[in-house]
Amino acid sequence: MKSRLFVAGNWKMNLDKNQALQLVREIEKNKEAFENVDVAIFPPFTLLSAVNDLLTGEVCHLGGQNCHDELVGAHTGEISASMLRDVGCDYVILGHSERRANQLETNEQVKKKVAIAAESNLTSIICVGETLDERNLGQALSVVEKQLIGSIPVDVDYNKLIVAYEPVGAIGTGKTATINDIAEIHAHIRIILSGLSLKGDNICILYGGSVKPVNAADIFQITDVGGALVGGASLLSRDFISILHAGAAIK
Ligand code: 13P
């Protein structure tokens, strides 16, 4: 039997306030249908407060898409983990491949952010995943292993960690990774986590990369897949709710 699935919607830099509130109303309206799934949404920073005002907190939780690695200070344009907590967040996405590629975020920085997030009582979703070139060179397992080990602080509370495997070639492309590839990497991540901590057996490992209503059920069935980190399909209420239904049906 699978434990409760976790489905997260990463809105990235999308949606205006009206669209966001409409989407949240739709999710909340349908919540009875997926009470057995943990749901979290990750709006842009500017929408966190307005979205939080609409959430009842029973089913759908709130998270930030990034945070700084210090709690306060002269860091123009940055947001701290404690500020996310203050506005109602329980989660933060760290080390997303878009940030690793575009903001040149390193494992070392991600590790510091994970530590400061835990201090602020936030659960980190640490993203790892190989590029298409790395996969074609047969380096997927080693790349993911290096990112994972490099991004987890030694003395972190493992109850405050979630890992998301997002192969870069599957993000926003409609080219979901194959069931075999997902199963292989998730099994490898599980072995690494179990080696790092006794609690590693229980850490939730999400899959992300073109998760859609049409493939969610198959992905959720895979051993060691604890849920999904959804991008594009989390922006459309019908698609996101359909993915949540698929999660609710998994036993
Ligand atoms: P897509 O679901 O749009 O492929 O995005 C995945 C992702 O990057 C979630 O963090």
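What you see is a predicted model, and the numbers here were worked out from it, not measured in a lab.

Rules and cut-offs
Residues numbered from 1 in each chain as written. Predicted model: local features only at pLDDT ≥ 70, side-chain atom pairs only at ≥ 80, totals over all residues. Heavy atoms only, no water. Axes fitted to C-alpha atoms, helices over the stretch in contact; angles between N-to-C directions. Helix = DSSP H or I, 4+ residues; strand = E, 2+ residues; numbered from the N terminus. Parallel < 35°, antiparallel > 145°, perpendicular 65-115°, else oblique. Contact = heavy atoms within 4.5 Å. Nonpolar A, V, L, I, M, F, W, Y, C, P; charged D, E, K, R; others polar. Expected span 1.5 Å × (residues − 1). Buried < 20%, exposed > 50% of the residue type's maximum accessible area, 1.4 Å probe, protein only. Core = buried A, V, L, I, M, F, W, Y, C linked by side-chain atoms within 4.5 Å. Phe/Tyr/Trp six-rings, centres within 6.5 Å; stacked < 30°, edge-to-face > 60°. Near = heavy atom within 4 Å. Polar contact = N/O pair within 3.5 Å; in protein donor to acceptor, adjacent residues only side chain to side chain. Areas by Shrake-Rupley, 256 points an atom, 1.4 Å probe, with all protein chains shown as cover. Pairing = 2+ DSSP bridges.

Trainee: Looking at this structure, how should I read the packing of helix 5 (residues 107-119) against helix 7 (residues 140-151)?
Mentor: Two numbers describe a pair of packed helices, the interaxial angle and the distance between the axes. As a packed pair, helix 5 and helix 7 sit with axes 7 Å apart at the nearest point and diverge in direction by 40°. The pairing of helix 5 with helix 7 is recorded here as oblique in orientation. The segment helix 5 lies against helix 7, with Asn107, Glu108, Val110, Lys111 and Val114 engaging Lys146, Gln147, Gly150 and Ser151. The residue makeup of the contact of helix 5 with helix 7, split by class, is two nonpolar, four polar and three charged.

Trainee: Mind showing me how you'd approach helix 7 here?
Mentor: Residues that lie three or four places apart on an α-helix share one face, since the helix turns once every 3.6 residues. Here helix 7 contains 12 residues, and its C-alpha end-to-end distance of 17 Å stays within 8% of the 16 Å for a straight helix at 1.5 Å per residue. Buried within helix 7 are the following residues: Ala140, Val143, Val144, Gln147, Leu148, Gly150 and Ser151. Considering only its buried residues, helix 7 is in contact with helix 4 (97-102), helix 5, strand 5 (123-128), helix 6 (132-136), strand 6 (161-165) and helix 8 (179-196).

Trainee: Any chance you could explain the nonpolar core here in plain terms?
Mentor: Considering soluble globular proteins, one finds that nonpolar side chains tend to be buried as a cluster. Membership of the largest hydrophobic core comes to 67 residues, with the highest contact counts inside it found for Phe34, Ile41, Val51, Ile189 and Phe220. If you tally residues by element for this core, the top one is helix 10 (residues 237-248), at six residues. Apart from the residues within four sequence positions on either side, phenylalanine 34 is in contact with Ile27, Val39, Val59, Ile241, Leu244, His245 and Ala248.

Trainee: Would you take a moment to explain the packing of aromatic side chains for this structure?
Mentor: Aromatic rings in a pair are described by how distant their centres are and how their planes are angled relative to each other. What the rule picks out here adds up to two aromatic pairs. With a centroid separation of 5.0 Å and an interplanar angle of 55°, the aromatic rings of phenylalanine 6 and tyrosine 91 are classed as tilted. Of the two residues, phenylalanine 6 sits in strand 1 (residues 6-10) while tyrosine 91 sits in strand 4 (residues 91-94), which places them 85 residues apart along the sequence. The two residues phenylalanine 6 and tyrosine 91 agree in class, both being buried.

Trainee: I keep staring at the site of the ligand and nothing clicks. Help me out?
Mentor: Taken together, 13 residues are adjacent to the ligand, and Lys12, His96, Gly172, Ser210 and Gly232 come closest. Take lysine 12: an N or O atom from its side chain is 2.8 Å from an oxygen atom of the ligand. The side chain of histidine 96 places a nitrogen or oxygen atom 2.8 Å from an oxygen atom of the ligand. Protein contact buries 96% of the 310 Å² of open area that the ligand shows by itself. Of the residues belonging to the shell around the ligand, the class tally is four nonpolar, seven polar and two charged.

Trainee: What am I meant to see in the pairing of strand 5 here?
Mentor: If a strand is regular, its side chains alternate between the two faces of the sheet. The buried count for strand 5 comes to six of six residues, which makes it a mostly enclosed element. Side chains Thr123, Ile125 and Cys127 of strand 5 all project onto a buried face; the interleaved residues Ser124, Ile126 and Val128 project onto the opposite face, where all are buried too. Two elements, strand 4 and strand 5, share four bridges in a ladder whose sense is parallel. Note on strand 5: the bridge partner recorded for tyrosine 91 is threonine 123. As defined by bridge partners, strand 5 adjoins strand 6 across five bridges and the pair is classed as parallel. The residue of strand 6 that forms the bridge with valine 128 is tyrosine 165.

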